[in-house]
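Descriptive structure summary
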Amino acid sequence: MAVTVKSQEEIQLMREAGKILGQVHDQLAEIIQPGITTMEIDKLGEELIRKAGCIPSFKNYEGYPASICVSINDEIVHGIPNEKNHLFEGDIVSLDAGVIYKGYQSDAARTHAVGKISDEDQKLIDVTRECFFKGIEFARAGNHLYQISSAIQKHAEANGFSLPRELTGHGIGQNLHEDPMIPNYKPLGRGIKLLAGMTLAVEPMLNAGKKDIWILEDDWTCVTRDGSKSAHYENTILITDGDPEILSLV
Ligand code: MF3
Ligand code: CO
């Protein structure tokens with residue numbers, strides 16, 4: 001599938017979708033505390049998404065059973081909410097969510113501290129978020145895609161963290177996953193040339209230890225192979241001739 005450039009009408013719908021998703025994340029951030037179950041986070045997330053007139057895009061996506069991916073500590077992405085699983089003081093938890101508004105998608109993720117966490121874990125969360133912003137400094141028309149990847153990789157590795165090769169960002173629009181794939185490390189070549197009107201989900205996922213991953217028996221939960229912690233930060237952005245517009249951050 002070719003990479004698409006969105007029309008003004010489509011961009012407007014993606015702005016709406018992104019704004020709603022940013023608000024959902026802000027509201028979910030407020031309920032993160034020791035004792036809450038991952039299922040409670042999913043229930044509230046789904047309710048907020050539907051109340052805002054959106055559809056939770058992850059629900060039933062390739063059989064994924066929930067609306068919010070909740071990934072704790074060594075879980076990188078795609079953790080499945082469960083009513084028996086609760087958060088403990090000192091955990092870090094990544095929430096990944098997607099919404100569809102009038103046929104257009106937005107995708108975003110945040111990692112939160114649960115109560116008081118170690119300085120080391122806070123650094124992992126902070127550097128992951130910084131990687132997103134370092135990456136999107138290069139997200140503008142005329143640049144090449146892997147300039148984003150390269151900036152993410154440099155900042156992560158300069159801080160001693162690693163990047164799983166199997167998990168990438170992606171184009172987004174009427175579909176959750178569109179071309180191009182956006183690796184969080186620099187592949188060979190330059191990647192496609194960015195054009196104004198492209199909409200991308202840029203999503204660094206950083207491991208505190210080694211980059212290797214493992215998928216659990218549930219066929220979804222993606223964990224670090226060495227048991228080290230992992231953090232995730234993602235927004236849907238719009239490429240312009242100047243700075244990108246971050247659609248899913250309010
Ligand atoms: N945000 C995830 C991604 O970009 C999507 C989760 S896939 C789902 O790949 F199946 F969990 F919905
Ligand atoms: Co994504």
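Observations concerning the overall build of the protein
A tally of helices and strands in the protein yields 4 helices and 14 strands. Expected size for 250 residues packed as a compact globule is a radius of gyration near 18 Å; at 17 Å, the protein falls within 12% of this value. With the C-alpha coordinates of the protein rotated into their principal frame, the extents come out at 45 × 40 × 30 Å. Here the protein, with 250 residues, has 54% of them falling under the buried criterion. A separation of at least 24 residues holds for 70% of the contacts in the protein among residues at least 6 apart in sequence.

A few points about the sheet that holds strand β14 (residues 245-246)
Strand order in the open sheet formed by 5 strands is β7-β6-β8-β13-β14, and the pairing between neighbours is antiparallel. Strand pairing shows two members of the sheet lacking a second neighbour, β7 (178-182) and β14, which therefore form its edges. Alignment of strand β8 (residues 199-202) against strand β13 (residues 235-238), held across 4 bridges, turns out to be antiparallel. Paired with Leu200 across the strands is Ile237, a residue of β13.

Notes on the coordination of the cobalt ion (ligand 2)
Six octahedral donors at a metal ideally form angles of 90 or 180 degrees, and four tetrahedral donors ideally form angles of 109.5 degrees. In this structure, Asp107 (OD), His170 (NE2), Glu203 (OE) and Glu234 (OE) serve as the protein donors to the cobalt ion (ligand 2), at separations of 2.1 to 2.2 Å. Along the chain, the residues that donate to the cobalt ion (ligand 2) are spaced as D-x62-H-x32-E-x30-E. Here Asp107, found in strand β5 (residues 104-113), pairs with Glu234, found in the loop between β12 (230-232) and β13; they are 127 residues apart in sequence, far enough to count as distant. The exposure class assigned to Asp107 is buried, which follows from its relative accessible area of 3%. By relative accessible area, which is 0% here, Glu234 ends up buried.

Examining the packing of aromatic side chains
All told, the structure shown has 4 aromatic pairs when counted by the stated rule. Aromatic pair Tyr64 and Trp220: ring centres 5.1 Å apart, planes at 80 degrees, arrangement edge-to-face. Taken as a pair, Tyr64 in the loop between β1 (55-56) and β2 (68-72) and Trp220 in the loop between β10 (213-215) and β11 (222-224) lie far apart in primary sequence, 156 residues in all. Using a relative accessible area of 19% as the deciding quantity, one classes Trp220 as buried. Ring geometry for Phe133 versus Tyr233: centroids 6.1 Å apart, planes at 40 degrees, classification tilted. Here Phe133, found in helix α3 (residues 119-136), pairs with Tyr233, found in the loop between β12 and β13; they are 100 residues apart in sequence, far enough to count as distant. When the ring centre of Tyr185 is taken as reference, the NZ or CZ atom of Arg165 above it lies at 4.5 Å.

A look at the environment of Ser57
The topology assignment puts Ser57 in the loop between β1 and β2. When the C-alpha atoms of Ser57 and Glu234 are compared, they prove to be 15 Å apart, with 177 residues separating the residues in sequence. What Ser57 contacts, discounting residues up to four positions off in sequence, is Gly98, Val99, Ile100, Gln105 and Leu176.

Points about the environment of Val93
Position of Val93 relative to the elements: it lies in strand β4 (residues 92-101). Apart from residues no more than four positions distant in its own chain, Val93 is found in contact with Ile32, Val70, Ser71, Ile72, Leu87, Arg110, Thr111, His112 and Val114.

Here's the deal with unusual backbone geometry
The residue after Asp179, namely Pro180, is reached through a cis peptide bond having omega 0 degrees. Position of Pro180 relative to the elements: it lies in strand β7. Residues other than glycine seldom take positive phi values, yet Lys102 does so here, at roughly 45 degrees. Residue placement: Lys102 occurs in the loop between β4 and β5. Phi is positive for Asp219, close to 70 degrees, though the residue is something other than glycine. In this fold, Asp219 is placed in the loop between β10 and β11.

A closer look at the packing of helix α1 (residues 8-31) against helix α2 (residues 38-51)
For any two helices packed against each other, one specifies the crossing angle of their axes together with the interaxial distance. Here α1 crosses α2 at 150 degrees, and the two axes come no closer than 10 Å. If you check the angle between α1 and α2, you find them roughly antiparallel. Of the two elements, α1 crosses α2, and the hand of that crossing is right-handed. In this structure, α1 contributes Val24, Gln27, Leu28 and Ile31 to the contact, and α2 contributes Ile41, Leu44, Gly45, Leu48 and Ile49.

Procedures and definitions
- Residues numbered from 1 in each chain as written.
- Chains lettered and ligands numbered in written order.
- Predicted model: local features only at pLDDT ≥ 70, side-chain atom pairs only at ≥ 80, totals over all residues.
- Heavy atoms only, no water.
- Helix = DSSP H or I, 4+ residues; strand = E, 2+ residues; numbered from the N terminus.
- Rg over C-alpha atoms; globule rule 2.2 N^0.38 Å.
- Buried < 20%, exposed > 50% of the residue type's maximum accessible area, 1.4 Å probe, protein only.
- Contact = heavy atoms within 4.5 Å.
- Pairing = 2+ DSSP bridges.
- Donors = N, O, S within 2.8 Å, 3.2 Å for Na, K, Ca; no water.
- Phe/Tyr/Trp six-rings, centres within 6.5 Å; stacked < 30°, edge-to-face > 60°.
- Lys NZ or Arg CZ within 6 Å of the ring centre and 35° of its normal.
- Axes fitted to C-alpha atoms, helices over the stretch in contact; angles between N-to-C directions.
- Parallel < 35°, antiparallel > 145°, perpendicular 65-115°, else oblique.
- Left-handed = near helix turned anticlockwise from the far one by under 90°.

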